[in-house]
Structures are given as structure tokens and as C-alpha cells.
Amino acid sequence: MRKTTLVAASAAVLALTLTACSGNSGTAQPAAAGSQTQAEGGSGLASPFTDAIQLASASKQGTEKSKSAKFTMEGAAAGQTISATGAMAMDGANTKFSMTSTAAGETTEMRMVDKVMYIKLPADQQKQMGTDKTWAKISADGDDPISQALGSSLSQSAEQSDPSKMLDQISKTGRIISSDQTELNGEKVNHYKVELDVAKAVDQFTGSLPAASRDKLTEMLKGKDVKIPAELWLNKDNLPVQVTMDQGPMMQALGAPAGDAKFTMKYSDWGTTVDVTAPPADQVVDLGELMKKAGR
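In this report, the structure presented in the accompanying data block is examined. (Residues numbered from 1 in each chain as written. Predicted model: local features only at pLDDT ≥ 70, side-chain atom pairs only at ≥ 80, totals over all residues. Heavy atoms only, no water.)

## So, the overall build of the chain
Turning to step 1, where the next piece is worked out: For the chain, the count of helices and strands is 9 helices and 12 strands.
Turning to step 2, where the next piece is worked out: Buried positions account for 49% of the 296 residues belonging to the chain.
Turning to step 3, where the next piece is worked out: Put simply, 63% of the contacts in the chain that link residues at least 6 apart link residues at least 24 apart. (Helix = DSSP H or I, 4+ residues; strand = E, 2+ residues; numbered from the N terminus. Buried < 20%, exposed > 50% of the residue type's maximum accessible area, 1.4 Å probe, protein only. Contact = heavy atoms within 4.5 Å.)

As C-alpha cells, then:
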């Protein structure tokens, strides 16, 4: 299997995870009465929140009610430019999504269903790997190097792809730097600039990693003053329509070369029906087993 296929798959899911933010459930409380007032002008857009916990709570209520959305993503990671389009149905650990991503000049189709990641194999890779199966799956509990490296993170990304995870993270580690009301794609929105303080909850930024990697990164971040800038654009229903995040400061704190680690997620069609199913079983091969047979 070409390395670029795994780069495309892992980088796109990493971007999806980072912009939605990994981590455990947050501690946001219901917004206090009177914390957001109706703005004038008939747009239905209330004035921006001034408290990060109230912002997170109100928006999370909207995403949990809508349960599904379409999305696009653009960004860069590990020296690769990444773009993706897809749709997700959000249901905590049972979240599922379909996504077509392009990285390193290669397009990859992926599906996440029941915590299993499926990656579509191009015809030349099927021939190279000696299989007639169209899809390869990555098992979270596989003992091969690829599954051990990617399986756990990819399966956990289903829950983490829920944009409310970023809202959880804001409630624990963030503060609102500024806010204003503007127009985005013809829609009136509240625009927030926020700052996430990694030191306040390191586990929020490393929770999706295998234990050994998580412990190592936690130690590397210990005592470092890392702030991650992010921006959110929320509509009148407090649903995210665009989210940006710059992971560069954390990557540099971990010793990575300076470079882009910025991602932009755009959400649309909240509440739309999303139907994502696993590929037919007779078209699927386990990637770990396939690599073993190929002697890799």
C-alpha cells in the first residue's frame, strides 16, 4: 500500500480531530438566563456571549439537537496540504462519517462506521497488494504496526469529529479574546476569537493517543505555556458554521519543525439526513492481515 494513502487517511482524520478537538466530555453548564440578548435588526441573531462556558453550553445544545451536518475541511499538517468533504451523524461514541480527502496529491475515500475505519483501495493498490477487495479496514485492536499506530486514534476520531468537542475544550481551557457580529456566506453570524490554554487540561489535547504516546507528549508539554488560537462563527441557532484552529504553537512545543498546522472546518445543512453504511463484507479486507501477507 502506498505510503501516501495512509498519509492522506491519517492526516485528514487528524485534521478533523484537531479542528473538532479531541478530549473527554467537557464541564459546560447551562447558559445563565440573560447571558445573551436579542440583537436588533430582525436577523434573529442574539448578541455574542462574553463567557466561554456559556458559549460552549449554548452551542453544544444546538449541535446535540441537530445531530448531523455536512462539512468541508482545508488545512496543512506534517508538511502536507489537506482538503476534505463529507458528512457526519453525531451520536457520541457511535458517531459515523463519510469523507473524501486529498493529501500529497492523492484522493482517498473513507468511512467510519461502528468505530471501524474503512479506506477505499485504488485499483493499482489492489494489484500491488494482491487483493481484489475494494476496501481495507483498520482495526482498533489489531496487532500489526499499522493498526497499532493508527487504529485506536482513527476509531476514537468518530466521537471526536463531533464539533461539540471543541466546545467542551473551550469550556475547560479557553477564554474569549474578542467577539463581533459579521456576515459569512450571506448569513449573519457571531464571530468569536478564543484562546485555548494547553496547561489547563493537557489530557484534552492528548486524550485520543495510545497511552505510551500520551504519557510522552504530556511530559513534553509539562511546564510549557502553550496557547492555541481558534476562531468560531456561530449562526442564530448557535450552531458552528465555521471553525479555525492553529495547532502550530503546540507542534513547536513538541519539537516539530516550524510550519503550518492550521485547519478550517466549514459546516452546513445541520439536521440533514446522513446515511453512512459499512461496505459489503465481501468487498472488505483487513489492512493488517493484508500487510502481513505482503510481508510488510
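There's plenty left to go through after this.
## Notes on the pattern of salt bridges
Turning to step 1, where the next piece is worked out: Taken as a whole, this structure holds 7 salt bridges when the rule is applied.
Turning to step 2, where the next piece is worked out: For D197, the salt bridge identified is with K227, shortest N-O distance 4.0 Å. Separated by 30 residues along the polypeptide, D197 in strand β8 (residues 187–197) and K227 in strand β9 (residues 227–234) bring together distant segments of the chain.
Turning to step 3, where the next piece is worked out: On the accessibility criterion, D197 (14% relative accessible area) is buried.
Turning to step 4, where the next piece is worked out: Salt-bridge contacts for K236 lead to D237; the nearest nitrogen and oxygen are separated by 3.7 Å.
Turning to step 5, where the next piece is worked out: Judged by its relative accessible area of 48%, K236 is partly exposed.
Turning to step 6, where the next piece is worked out: On the accessibility criterion, D237 (44% relative accessible area) is partly exposed.
Turning to step 7, where the next piece is worked out: Among the charged side chains, a network of salt bridges with common partners joins D197, D225 and K227. (Salt bridge = Lys/Arg side-chain N within 4 Å of Asp/Glu carboxyl O.)

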